[in-house]
Amino acid sequence: MSAPLRLMAVHAHPDDESSKGAATMARYVREGVEVLVCTLTGGERGSVLNPKMDRPEIVANIGEVRRAEMARAREILGVEQRFMGFIDSGLPESEEEELPEGCFGLQKLEDASAPLVAAVREFRPHVIITYDDDGGYPHPDHIMTNKVSVEAFEAAGDPDRYPDAGEPWQPLKLYYQMGFTKERFEALHEVMTERGLGSPYSDWISRWEDRPAKWPVTTRVPCGDYFQIRDEALLAHATQVDPEGFWFVCPRELQEEIWPTEDYHLARSLVDTELPEDDLFAGIHADDVEPACH
Ligand SMILES: [Zn+2]
């Protein structure tokens, strides 16, 4: 029997794993891949974004509430999950606003990366998914998540780096999430408008700058059959998503029909692979797959 493939997804806050690449993870888990979500912060500074959950006892215990939500989402997706132990930086209201002392966004790169390097060396993923260097959206924790993921990808295999963080392990591929492309939202917008459903995306699309994508999509993973699981996991983060809000306006059946993939940019690869791909493990052969050291 060959050793299982392993996929690590690195995220900034609890709920990000359910809104970015969740159907991909749900699919791979059900195909026998081991999947570990590393959540860098506890989401302590997140606001309550669901009016039904905006109650004083929830706001007062937001850190604890979000841990419980994460545990539920983890079960739904079928993944393993670990917190890396950093404190949410919050989303500053202006560029001048300083980040709160001690938060993840203010850590030195080496300190911020050490727990993730240790997790990579322990879990030994073949593939890592993270955000692009703009963070996917400009939250300081998301930008930092890109930095520590790239650092871990590059340093985890080097015995001279992070010598106290375990036995070296070199992951083979690094991907950036590309779920929020203009192309995808335009396609959904067009069909929703055509079918008289009304589209929530017009403003958003019109504000989008028309320039070539900085990180072109290289890889589309078919996972429409898992959109329901993705949505259930996202709803488990009840303080963070309004079931009647923006995320759920576009009917799931329509998404499955019009855009049944989750999309990625292959940022680093140590194996030969032909682009475009439809599998994050394309180019990885049985010989590359060493067993995990548990
Ligand atoms: Zn986030």
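Above this text sits the structure in question.
None of the values given here were measured: they were computed from a predicted structure.

## Quick word on the coordination of the zinc ion
At step 1: Taken together, H13 (ND1), D16 (OD), D16 (OD) and H142 (NE2) make up the protein donors of the zinc ion, found 2.1 to 2.7 Å from the metal.
At step 2: Coordination geometry of the zinc ion: the four donor atoms subtend angles of 53 to 143° at the metal centre, consistent with an arrangement described as irregular.
At step 3: Every donor residue of the zinc ion comes from the same chain, spaced as H-x2-D-x125-H. Of this pair, D16 sits in helix α1 (residues 16–19) while H142 sits in helix α6 (residues 140–155), and the two are 126 residues apart along the sequence. Exposure class is identical for D16 and H142. Each is buried.

## Brief notes about unusual backbone geometry
With glycine set apart, most residues show a phi of negative sign, and most peptide bonds adopt trans.
At step 1: Cis peptide bonds are those with omega within 30 degrees of zero, and the linkage from L275 to P276 qualifies with -5°.
At step 2: With respect to the helices and strands, P276 occurs in the segment after β7 (261–269).
At step 3: Unlike most non-glycine residues, D15 shows phi in positive territory, near 110°.
At step 4: By the secondary structure assignment, D15 is in the loop between β1 (6–11) and α1.
At step 5: The phi angle at R124 is positive, at roughly 60°, despite the residue not being glycine.
At step 6: Along the chain, R124 falls in the loop between α5 (109–123) and β4 (127–130).
At step 7: We classify R124 as buried; its relative accessible area is 13%.

## Brief notes about the sheet that holds strand β6 (residues 219–222)
At step 1: Here seven strands make up an open sheet; going across it, the order is β3-β2-β1-β4-β5-β7-β6 and the pairing mixed. The open sheet has two edge strands with one neighbour each: β3 (80–86) and β6. Going across the sheet, the axis of each strand differs from the next one's by a mean of 30°, ignoring polarity.
At step 2: Here α6 sits on the sheet and contacts β1, β2 (34–41), β4, β5 (173–177) and β7; the angle it forms with β5, its principal contact strand, is near 170°.

## A closer look at the environment of H285
At step 1: Position of H285 relative to the elements: it lies in the segment after β7.
At step 2: Here the side chain of H285 touches G283 through a polar contact of 3.5 Å, landing on its backbone oxygen.

## Observations concerning the pattern of salt bridges
At step 1: The final tally for this structure, using the stated rule, is 19 salt bridges.
At step 2: A salt bridge links D16 to K20; the nearest nitrogen and oxygen atoms lie 2.7 Å apart. Each member of the pair, D16 together with K20, is buried.
At step 3: One salt bridge connects R220 with D263, and the closest N-O pair in it is separated by 2.9 Å. Here R220 is found in strand β6, whereas its partner D263 is found in strand β7, with 43 residues between them in sequence.

## Digging into helix α2 (residues 22–30)
At step 1: In terms of burial, α2 is largely enclosed, as eight of its nine residues are buried.
At step 2: Within the sequence span of α2, burial applies to A22, A23, T24, M25, A26, R27, Y28 and V29.
At step 3: Count one or two residues on from α2 and you reach G32, which has phi positive near 95°.

## Let's talk about the packing of α5 against α6
At step 1: Following both chains from N to C, one finds α5 and α6 inclined at 55°, their axes separated by 8 Å at the closest point. Put simply, α5 runs oblique to α6. The chirality of how α5 crosses α6 is right-handed. Contacts from L109, A112, S113, L116, V117, V120 and R121 of α5 reach α6 at M144, K147, V148, S149, E151, A152 and A155.
At step 2: Looking at the contact of α5 with α6 residue by residue, the class counts come to nine nonpolar, two polar and three charged.

Cut-off values and rules
- Residues numbered from 1 in each chain as written.
- Predicted model: local features only at pLDDT ≥ 70, side-chain atom pairs only at ≥ 80, totals over all residues.
- Heavy atoms only, no water.
- Donors = N, O, S within 2.8 Å, 3.2 Å for Na, K, Ca; no water.
- Tetrahedral: all angles 85-135°; square planar, octahedral: opposite > 155°, others 65-115°.
- Helix = DSSP H or I, 4+ residues; strand = E, 2+ residues; numbered from the N terminus.
- Buried < 20%, exposed > 50% of the residue type's maximum accessible area, 1.4 Å probe, protein only.
- Pairing = 2+ DSSP bridges.
- Axes fitted to C-alpha atoms, helices over the stretch in contact; angles between N-to-C directions.
- Contact = heavy atoms within 4.5 Å.
- Polar contact = N/O pair within 3.5 Å; in protein donor to acceptor, adjacent residues only side chain to side chain.
- Salt bridge = Lys/Arg side-chain N within 4 Å of Asp/Glu carboxyl O.
- Parallel < 35°, antiparallel > 145°, perpendicular 65-115°, else oblique.
- Left-handed = near helix turned anticlockwise from the far one by under 90°.
- Nonpolar A, V, L, I, M, F, W, Y, C, P; charged D, E, K, R; others polar.

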